[in-house]
Amino acid sequence: MVDKGTLVEFKHQGQPRLGVVDRPEGKKNWVVVDERGQAHTLHPRDFIYEVGGDTYKPADIGPFVAEAESYIDPSSLEIAWEFLSEAGESADPAALAQLLFSEQSPAFCYAAHRLLAEDKVFFKQKGDRYEPRPAAQVDELRLQIERETQRQQEWESFMTKARQGLAGETVDWDKSDRPRLETLERLALFGDESNQRAQAVEILNALGMAPTAAGAFDTLVALGLWSVHENLALRRSQVPSHFSEETLTMAQQRLQSPPPDPDTQRLDLTHLKVYTVDDASTQEIDDGLSLETLNDGTQRLWVHIADPTRWLLPGDDLDLEARRRCTTVYLPTGMIPMFPMELATGAMSLIQGQTCFALSFGITLSAAGDIQDYQIHPTLIRPTYRLTYDDVDEMLELGITAEPELQGLAHWAKVRGQWRLTQGAISINMPESSIKVSEAGEDIVIEVFNDSMARQMVAEMMILAGEVAARYGQTHDLAIPFRSQPQPELPSDEELISLPTGWVRDSAIRRCMTRSEVGVTPSRHATLGLDSYSQVTSPIRRYLDLVTHFQLKAHLRGEPLPFSSTEVTELAIGASSAAYEATLVERQTKRYWALEYLRRHQDRVWEVMLLRWLREDEGLGLIMIEDLGLELAMRFNRAVALGEQLQVRVSHASPRQDVIRFEEVAPESEEATAVATAG
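Before going into details, it helps to say that this report is about the structure given with it.

What counts as what
- Residues numbered from 1 in each chain as written.
- Predicted model: local features only at pLDDT ≥ 70, side-chain atom pairs only at ≥ 80, totals over all residues.
- Heavy atoms only, no water.
- Pairing = 2+ DSSP bridges.
- Helix = DSSP H or I, 4+ residues; strand = E, 2+ residues; numbered from the N terminus.
- Axes fitted to C-alpha atoms, helices over the stretch in contact; angles between N-to-C directions.
- 1 Å grid on protein atoms, 1.4 Å probe; cavity = no way out; pocket = protein on both sides within 12 Å on 5 of 7 lines; lining within 4 Å.
- Points joined across faces, edges and corners; volume = space filled by probe spheres on them.
- Nonpolar A, V, L, I, M, F, W, Y, C, P; charged D, E, K, R; others polar.
- Core = buried A, V, L, I, M, F, W, Y, C linked by side-chain atoms within 4.5 Å.
- Buried < 20%, exposed > 50% of the residue type's maximum accessible area, 1.4 Å probe, protein only.
- Contact = heavy atoms within 4.5 Å.
- Salt bridge = Lys/Arg side-chain N within 4 Å of Asp/Glu carboxyl O.

**A word on the sheet that holds strand β3 (residues 29-34)**
Logical step 1: Read across the sheet, 5 strands follow the order β4-β3-β2-β1-β5 without closing on themselves; strand pairing throughout is antiparallel. The strands lining the two open edges of the sheet, one partner per strand, are β4 (39-42) and β5 (49-51). Sheet twist, expressed as the mean angle between neighbouring strand axes with direction ignored, is 45°.
Logical step 2: Looking at chain direction, strand β2 (residues 15-25) and β3 are connected through 6 bridges and run antiparallel. Residue pairing in the sheet places P24 in a bridge with W30 of β3.

Right, dumping it as structure tokens:
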């Protein structure tokens with residue numbers, strides 16, 4: 001039974017509060033007045049604790065609480081827990097007051113009650129009494145509290161730094177901040193599909209930022225952690241963008257102390273004139289060309305391929321790292337190499353004027369262009385010239401007599417190309433472009449490649465080396481990665497004849513092409529017109545080419561092959577998957593920067609051509625921006641013929657949303673508007 005003037009504790013808005021019982025309210029409730037004079041209607045079951053002894057007035061509450069609080073020392077609770085644990089006894093507030101203070105006055109008892117009520121470690125309440133917890137449980141609870149305290153401190157520290165960063169101040173992030181930053185990154189990358197969306201939303205709400213993927217992206221940019229042009233396609237992928245310190249150290253050690261060269265009897269071809277031909281920006285120089293005139297006047301073609309196997313062994317750490325990456329990734333902002341740069345662009349590359357290790361393919365052709373004889377050797381070469389495609393085109397056009405070897409290579413490449421056409425090769429000549437972006441994204445340069453004599457020459461020589469490698473592998477029944485392509489179902493002659501010649505016709509053929517396949521069994525490659533083919537010319541930047549090198553060189557030495565047929569098959573499956581992902585990243589990144597380039601040139605008028613219809617009934621077609629070599633989907637609201645050329649201007653572009661709109665620039669009588677979206 002509660003009497004008027006009794007001091008009781010109850011919960012108000014989740015917090016304990018003291019009040020004095022004033023009067024009954026109805027049959028069961030009581031009116032309790034707190035220190036502020038505020039009245040509360042409570043049922044006796046709402047009373048958490050009754051202070052025994054004296055009667056009180058609301059004005060007495062403040063002094064009483066102050067006195068009790070002066071006795072509250074949480075550290076004393078551990079002493080009581082140890083004593084009661086040893087004694088195997090439980091306690092109530094009065095017993096604890098006697099134990100701690102040797103007195104059971106109301107203030108001491110209330111202090112003991114508060115200690116027990118707020119304790120989350122030492123005691124567990126059972127009815128009106130408190131039992132000491134087992135020692136193991138106490139240790140676990142202490143650890144949990146310590147962790148929670150640390151989390152809270154880290155949260156407050158993170159929020160302080162984040163607000164400083166948003167205010168433009170320089171921030172030094174700690175390792176403990178990384179998990180929270182990663183939750184923001186995941187939301188920016190995957191949106192509602194992020195498995196840490198709730199945590200990211202909590203952070204964004206606390207920072208006053210939009211709790212969305214776009215808000216997370218903007219936050220990371222504002223914090224200076226991401227660029228406004230951050231490559232989200234690359235971040236979403238599994239493509240590793242950096243080498244570990246261990247791998248970089250390993251590369252340096254390999255350069256300083258290379259393994260013994262297994263090919264001790266390399267053929268010395270340093271007397272040959274060697275041309276390396278690439279784009280000016282190419283850093284991995286992995287192929288060179290020579291033309292040797294034999295005593296009987298026969299000309300032998302030499303295709304020299306960089307030999308990275310000189311610097312690693314099958315299954316060593318560098319090989320496994322290259323296997324994990326599978327390919328060099330080429331982005332407008334720069335490349336992500338398969339090997340560390342010191343190796344890829346240094347010791348492994350064919351560098352002008354230096355003696356280099358190579359795997360060389362010596363080939364003689366018939367007058368018609370088929371392979372008459374061939375040989376494959378690990379070699380030493382010394383590249384004579386590093387040329388660009390433009391350099392070679394100019395030299396061929398001018399007919400420079402000082403370089404007859406170059407003229408000869410171009411001649412045999414032309415013969416070879418004609419021979420492949422007689423074997424059913426499919427020729428598609430669509431524009432290709434390269435996009436280069438400065439480090440800060442300030443400058444974007446788009447260069448359209450012409451199907452020049454130099455590019456045709458190099459391409460034919462690379463295809464020729466691939467056929468030789470495949471022929472050698474097939475002759476000796478070697479497990480190497482053969483690349484094949486099923487015969488596509490091309491448009492009929494009537495269909496093709498009805499289309500304009502050039503890009504429109506080539507686009508129609510290209511859409512019918514099937515994906516190439518890789519396996520250990522040689523099979524026909526339809527586009528190349530070859531009965532067997534193996535990519536072998538880029539071992540610095542394609543892992544399966546490297547595998548072919550390992551296998552060929554082991555067989556040439558008369559040693560067991562390092563990879564079994566099953567292992568080559570498994571490597572081919574993994575490499576094909578990684579290469580496909582890398583290609584997607586390359587395409588998406590190139591498209592982003594293409595749209596950004598167009599956004600920055602909204603006032604320019606572009607010549608475009610309608611290549612083919614995607615959905616003709618909806619007026620959706622594929623266009624080519626001629627000056628840029630870019631293809632986009634475009635919706636027309638007027639009749640347009642395939643191959644028709646028209647002029648457009650960008651009316652809206654949002655690279656981040658992958659959207660661009662054009663308006664057609666046409667005479668007033670033919671005004672039309674078209675919209676291009678992601679194709």
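**Thoughts on empty space enclosed by the protein**
Logical step 1: Evaluation of the coordinates by the stated rule reveals 1 cavity of 30 Å³ or more.
Logical step 2: If you add up the space inside the largest cavity, you get close to 40 Å³.
Logical step 3: Lining of the largest cavity is provided by P481, F482, R483, V518, S534, Q535, L544 and D545.
Logical step 4: Counting residues per element, the ones that place at least two in the lining of the largest cavity are β19 (482-484) and α18 (543-556).
Logical step 5: For the lining of the largest cavity, a count of residues per class yields 4 nonpolar, 2 polar and 2 charged.

**What about the nonpolar core?**
Logical step 1: V303, F361, M457 and M461 are the most contacted members of the largest nonpolar core, which has 40 residues in total.
Logical step 2: Counting only elements with at least two residues in this core, the list comes to β9 (275-278), β10 (287-293), β11 (299-306), β14 (356-365), β15 (371-381), α13 (389-398), α14 (404-422) and α15 (453-475).
Logical step 3: Among the elements that line this core, the one with the most residues is α15, at 11 residues.
Logical step 4: Excluding anything up to four places from it in sequence, M461 contacts L289, L301, V303, L409, W412 and A413.
Logical step 5: With 35 residues, the next largest nonpolar core counts I285, M338, F339 and A578 among its residues.

**Digging into the layout of surface pockets**
Logical step 1: Its volume calculated, the second largest pocket comes out at about 280 Å³.
Logical step 2: Forming the walls of the second largest pocket are 14 residues, and the residues nearest its centre are P16, R17, V65, E69 and Y110.
Logical step 3: Those elements that place two or more of their residues in the lining of the second largest pocket are β2, α1 (61-69) and α4 (106-118).
Logical step 4: Ranked by residue count, the leading element in the lining of the second largest pocket is α1, at 4 residues.
Logical step 5: Tallied by class, the residues present in the lining of the second largest pocket amount to 7 nonpolar, no polar and 7 charged.

**With respect to helix α17 (residues 503-510)**
Logical step 1: When α17 is considered as a whole, its buried residues turn out to be V504, D506, S507, A508 and I509.
Logical step 2: Looking at the buried positions of α17, the neighbouring elements they touch are α16 (493-497) and β21 (605-615).

**Comments concerning the pattern of salt bridges**
Logical step 1: Inspection of every chain in the model, using the stated rule, returns 47 salt bridges.
Logical step 2: With a closest N to O distance of 2.7 Å, E664 and R638 form a salt bridge. Of the two residues, E664 sits in strand β25 (residues 659-665) while R638 sits in the loop between β23 (630-635) and β24 (645-654), which places them 26 residues apart along the sequence.
Logical step 3: By relative accessible area, which is 11% here, E664 ends up buried.
Logical step 4: The structure contains a network of salt bridges with shared partners spanning D261, D263, R266, D307, R310, K553, R557 and E559.

Purely geometric stuff here, so don't read any function into it on its own.
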